[in-house]
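Residue strings, one per chain:
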Amino acid sequence: MTIEELHQFQNLVITQPNCPYCVRAKAILDDRGTDYTTLVLGQHLEKTEMVTFIEQVANTTVRTVPQIILDGKYIGGHDDLVAFLERQVEADALGDFEL
């Protein structure tokens with residue numbers, strides 16, 4: 001898969017087999033009803049392609065999975081996804097509150 005093809009995905013989870021954090025991240029997205037594409041390292045793309053892609057979109061070097069993109073924005077791994085969604089819930093709870 002080319003880097004250009006990877007840029008086409010708006011919601012993407014890059015995983016590898018037997019990865020418990022990948023399973024958990026996908027379960028969170030499934031529970032929220034989020035549509036996403038799963039790409040598996042070694043089947044759909046190589047690790048070097050993932051590293052290069054994430055370096056381009058996030059200007060950071062990663063070596064682990066899952067790697068998550070939502071709405072075309074780099075989120076990070078499982079823990080980053082959890083933190084991102086918690087911030088969304090907190091922001092939603094405040095509604096239109098202004099200081």
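These figures come from a predicted structure and were not determined experimentally.

Colleague: Describe the side chain of H78, and please don't skip the residues or the numbers.
Modeller: When you line up the elements, H78 lands in helix α4 (residues 78-94). Residue H78 is classed as buried on the basis of its relative accessible area of 12%. Once you skip the residues sitting within four places of it in the chain, H78 turns out to touch Y21, R24, A25, I28, P66 and I68.

Colleague: Got a sec to walk through the state of the cysteines? Specific residues and values, please.
Modeller: Such a bond, covalent and formed between the sulfur atoms of two cysteines, is termed a disulfide. Summed over all chains, the structure comprises one disulfide. Covalently, C19 is tied to C22 through a disulfide, its sulfur atoms 2.4 Å apart. Its torsion about the S-S bond being 80 degrees, the disulfide of C19 and C22 is classed as right-handed. The class of C22 is buried, set by a relative accessible area of 2%.

Colleague: Hey, could you go over the pairing of strand β1 (residues 12-15) for me, with residue numbers and the actual values?
Modeller: With burial as the criterion, each face of β1 is covered, one bearing L12 and I14 and the other bearing V13 and T15. With four bridges connecting them, β1 and strand β2 (residues 37-40) associate as parallel partners. For V13, the partnering residue across the bridge sits in β2 and is T38. With helix α2 (residues 20-31) bridging β1 and the parallel β2, this β-α-β connection has right-handed handedness. Sheet analysis places β1 next to strand β3 (residues 67-70), joined by three bridges and oriented antiparallel. Looking across to β3, one finds that L12 is bridged to I69.

Colleague: Residues and numbers for the nonpolar core, please.
Modeller: Of all hydrophobic cores here, the largest spans 16 residues; its most connected members are L6, L12, I14, L45, M50, F53 and V65. Excluding anything up to four places from it in sequence, F53 contacts I3, L6, H7, L12, I14 and I69.

Colleague: So what's going on with the sheet that holds β2? Residues and values would help.
Modeller: Overall, mixed pairing links the four strands, which are arranged β2-β1-β3-β4 in an open sheet. Since the sheet does not close on itself, it has two edges, and those belong to β2 and β4 (73-76), each with one partner. Going from strand to strand, the sheet's axes swing by 20 degrees on average, the running direction of each strand aside. Sitting on the sheet, α2 touches β1, β2 and β3, and the angle it makes with β1 is about 160 degrees. Of the strands in this sheet, β1, β3 and β4 are in contact with helix α3 (residues 47-58), which crosses β3 at around 45 degrees.

Colleague: So what's going on with the packing of aromatic side chains? Which residues, and what values?
Modeller: Given two aromatic rings, one states the distance between the centres and the angle between the planes to describe the pair. As enumerated under the stated definition, the model contains zero aromatic pairs in all. Against the face of Y21 rests R24, its NZ or CZ located 4.8 Å from the ring centre.

Colleague: With reference to specific residues and values, describe unusual backbone geometry.
Modeller: Put simply, V65 and P66 share a cis peptide bond, and its omega is 5 degrees. Position of P66 relative to the elements: it lies in the loop between α3 and β3. For N59, which is not a glycine, the phi torsion comes out positive at approximately 55 degrees. Along the chain, the position of N59 falls in the loop between α3 and β3. Even without a glycine there, the phi angle at D71 is positive, about 50 degrees. Relative to the assigned elements, D71 resides in the loop between β3 and β4. Residue classification places D71 among the exposed residues on the basis of a relative accessible area of 58%.

Thresholds applied
Residues numbered from 1 in each chain as written. Predicted model: local features only at pLDDT ≥ 70, side-chain atom pairs only at ≥ 80, totals over all residues. Heavy atoms only, no water. Helix = DSSP H or I, 4+ residues; strand = E, 2+ residues; numbered from the N terminus. Buried < 20%, exposed > 50% of the residue type's maximum accessible area, 1.4 Å probe, protein only. Contact = heavy atoms within 4.5 Å. Disulfide = S-S within 2.5 Å. Pairing = 2+ DSSP bridges. Right-handed = clockwise from strand over helix to strand, strands pointing away. Core = buried A, V, L, I, M, F, W, Y, C linked by side-chain atoms within 4.5 Å. Axes fitted to C-alpha atoms, helices over the stretch in contact; angles between N-to-C directions. Phe/Tyr/Trp six-rings, centres within 6.5 Å; stacked < 30°, edge-to-face > 60°. Lys NZ or Arg CZ within 6 Å of the ring centre and 35° of its normal.

Without other data, these values stay purely geometric and don't point to any function.
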